[in-house]
Amino acid sequence: MLQLKKKRIKMRKTMSGLIMLTLFSSLVLPGSAGATPPQSSQVELANVSVQAGQTVHVPVVMKATELPIKAYNMQVDYDTTALEIVRITPRTINTITSSPELNTPSDFQYVINNEEGWVRIIWMDLSEVEHWIDTGDQMFDIEFKAKSTATPGQKQLKVNQDDSEHFHFENVEYGTNAQLSGGTITITAASSGGNSSSPSTGSSGGGGAAPSPAPSVPTTSSTPVATKGVDIYVNGQKQEQSATASTSTIDNKVTTTIQVDNNKVINQVGNGLRTLLLPVTGTGTNSVVGELNGRLVKTMEGSNAQVVIQTDTGTYTLPASQIKVDQVVRQLGGSAPLEDVKFQIAITPSNDAKKAAIAAAASKMNNTTVIAAPVDFEVKAVYKGQQVDVNRFNAYVERTITLPKDTDGSKITTGVVLQADGTMLHVPTKVIKGTTNDAAVINSLTNSTYALIYHPATFSDISNHWSRTDVEDLASRLVVEGAGDNTFAPDRSITRAEFTAVLLRGLGLHSPESAVTTTFTDVKADSWYENEVQTAISYGLISGYTDNSFRPNEEISRAEAMTIVARAMKLVDLAKADASETANLLGAYSDGSQVQAWAAEPVASAIKQGLVQGADGKLMADADISRAQTAAIVKRLLAKAGLI
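Residues numbered from 1 in each chain as written. Predicted model: local features only at pLDDT ≥ 70, side-chain atom pairs only at ≥ 80, totals over all residues. Heavy atoms only, no water.

**Some points on the pattern of salt bridges**
(1) Moving on: The final tally for this structure, using the stated rule, is 16 salt bridges.
(2) Moving on: Among the salt bridges present, the one from Asp470 reaches Lys635, with a minimum N-O distance of 3.5 Å. Here the residue Asp470 occupies a position in helix H5 (residues 468-476), and Lys635 occupies one in helix H11 (residues 627-640), the gap between them amounting to 165 residues. For the pair formed by Asp470 and Lys635, the shared burial category is buried. (Salt bridge = Lys/Arg side-chain N within 4 Å of Asp/Glu carboxyl O. Helix = DSSP H or I, 4+ residues; strand = E, 2+ residues; numbered from the N terminus. Buried < 20%, exposed > 50% of the residue type's maximum accessible area, 1.4 Å probe, protein only.)

**Considering helix H7 (residues 530-538)**
(1) Moving on: Across the 9 residues of H7, 7 count as buried, placing the element largely inside the fold.
(2) Moving on: Those residues of H7 lying buried are Glu532, Val533, Gln534, Thr535, Ala536, Ile537 and Ser538.
(3) Moving on: One or two residues past the end of H7 sits Gly540, with phi positive at roughly 75 degrees.

**What to know about the environment of Gln322**
(1) Moving on: In this structure, Gln322 sits in the loop between strand E23 (314-319) and helix H3 (325-331).
(2) Moving on: Judged by its relative accessible area of 9%, Gln322 is buried.
(3) Moving on: Between the C-alpha atoms of Gln322 and Asn394, which are 72 residues apart in sequence, the distance is 6.6 Å.
(4) Moving on: In this view, Gln322 contacts Val390, Arg392, Phe393, Asn394, Ala395 and Val397; residues no more than four positions away in its chain are not counted.
(5) Moving on: Here Asn394 takes part through its backbone nitrogen, which lies 2.6 Å from a polar atom of the side chain of Gln322. (Contact = heavy atoms within 4.5 Å. Polar contact = N/O pair within 3.5 Å; in protein donor to acceptor, adjacent residues only side chain to side chain.)

**Some points on the sheet that holds strand E5 (residues 55-64)**
(1) Moving on: Overall, mixed pairing links the 5 strands, which are arranged E7-E11-E5-E3-E15 in an open sheet. On the outer flanks of this sheet lie strand E7 (83-90) and strand E15 (178-182), each paired with one strand and no other. When strand polarity is set aside, the average angle formed by the axes of neighbouring strands in this sheet is 20 degrees. (Pairing = 2+ DSSP bridges. Axes fitted to C-alpha atoms, helices over the stretch in contact; angles between N-to-C directions.)

**Looking at the side chain of Ser242**
(1) Moving on: Within the fold, Ser242 resides in strand E18 (residues 237-250).
(2) Moving on: On the basis of relative accessible area, Ser242 is assigned to the buried category, the value being 5%.
(3) Moving on: In this view, Ser242 contacts Val230, Ile232, Val260, Asp261 and Lys264; residues no more than four positions away in its chain are not counted.

Take a look at the structure:
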């Protein structure tokens, strides 16, 4: 098999001064002698619709390829009277750069020319390991804005497939043929409301008919941006005129952006910077964005400081260390100056589509009411047209949602996160009383859209059971489920898979932290617990047996359960027992010496934090754990960690 030689992609400027790309004409490889060339690869630009004045994402997907792709180039032309490109985001690789004049190689490079109406993209696998593009992979995403003056109708994205400088793909053996489909953008007239961006409505297949244009309505209304100096707070002390607030209104949606005077705040670090508070309250603002540059965030990271965005909608408290500046800069190509990278932390009421999705999910659940409108919490880094979303954290990050006036906080049973499939799942939530408004405090390891619900739940067989309070609390939080016929079966043993699922739901861990490479021989791809097992592996909560099995359907012992819980204690920042404490804690029980060595420290840690108490002076570490005991332990863990 011929290997595609890794060459540095050359860049040059044309006589007109435009940055162009010298692409793959020198890289076309002949096929292996006697081999049959593969079938043409099938590339698709999604068909989408968008209102004038709004933005839309156009995914570019490898729909089918017989052999994996190692390099490609593509130029997409568009109508500048109606469209402009906001950004290009790669989806299948990690190393990117927007500057084709850099001398260092990068996997993905592009040039946007909104004056002439084209974007040229190149990609080549320059990694030390194979990161090829295969069937089903999304290669990149083009975010277009339909100009407010755009005439409703269809606009076709064009690619000259006959010109190798405009459209060419290299697979692992050949200079292969490729065919492109789709790319129709249907522009509809602006509405009198809505949001600054609209979701893609692209079909899964290429070349399908696009929706008909909507009737003409008045164009989007907006007001000029108003900017003024504002006060911020460092460690609780007012810093006058240390930031500027820019407020704009588009279609009755008010957005205020607070731009921090980065140098002034950095000068406070020597005085022990701990908290940077950006308050924007009492303004009626819908959306608030706090903006700091990378140098300030990096400096705050070194001081273990946190930034707090405070609005009428809610509050976001984000430790600078959780932004992971160095990792973000690497995703931006590794050469972005920290002063030029803008980190934007946003609190925004969710758009109508998300509100409808939350309402639809609630309507499918028994006895469920949405108490407060959903809110989006977002963090992103922006540099020269590129954007990196910061969606995952190493520790729980706190945000609050302010309840509407006169809303009773006791009528909230939990906060929920909206999933991509339209379902709602529990996130650790507690309600705090306020002088005028109550607030729900949500802790999560991710950013997302959050809502608050009232979902009281009970079961017919726990009315006189010792676990009633714990079971009802976790059931109302969507953490535990019944056993059928409105029963809970509190004294029934719980399996290893069931225990893992309950613990993960309680912690609000609903998907793997990262790609999981460990697999168990007895966890099938179509099992109900596959995602739970993969998630638990990624967070280091389970490891299985020496024969590479997990034994999901076997009852779990108290010692095994405590071992998993002890690992979860690290996630919620609860201290474990040291060696001397372990001996003393186990020694307080008549059967403490019978706890096996591998379980001694985890069991002692659970005792130390008050998660288990034993019975009649015994731990019974080898006994099966019941469903009721599981509910009690998970609730105690969350309460001890301050998450509920």
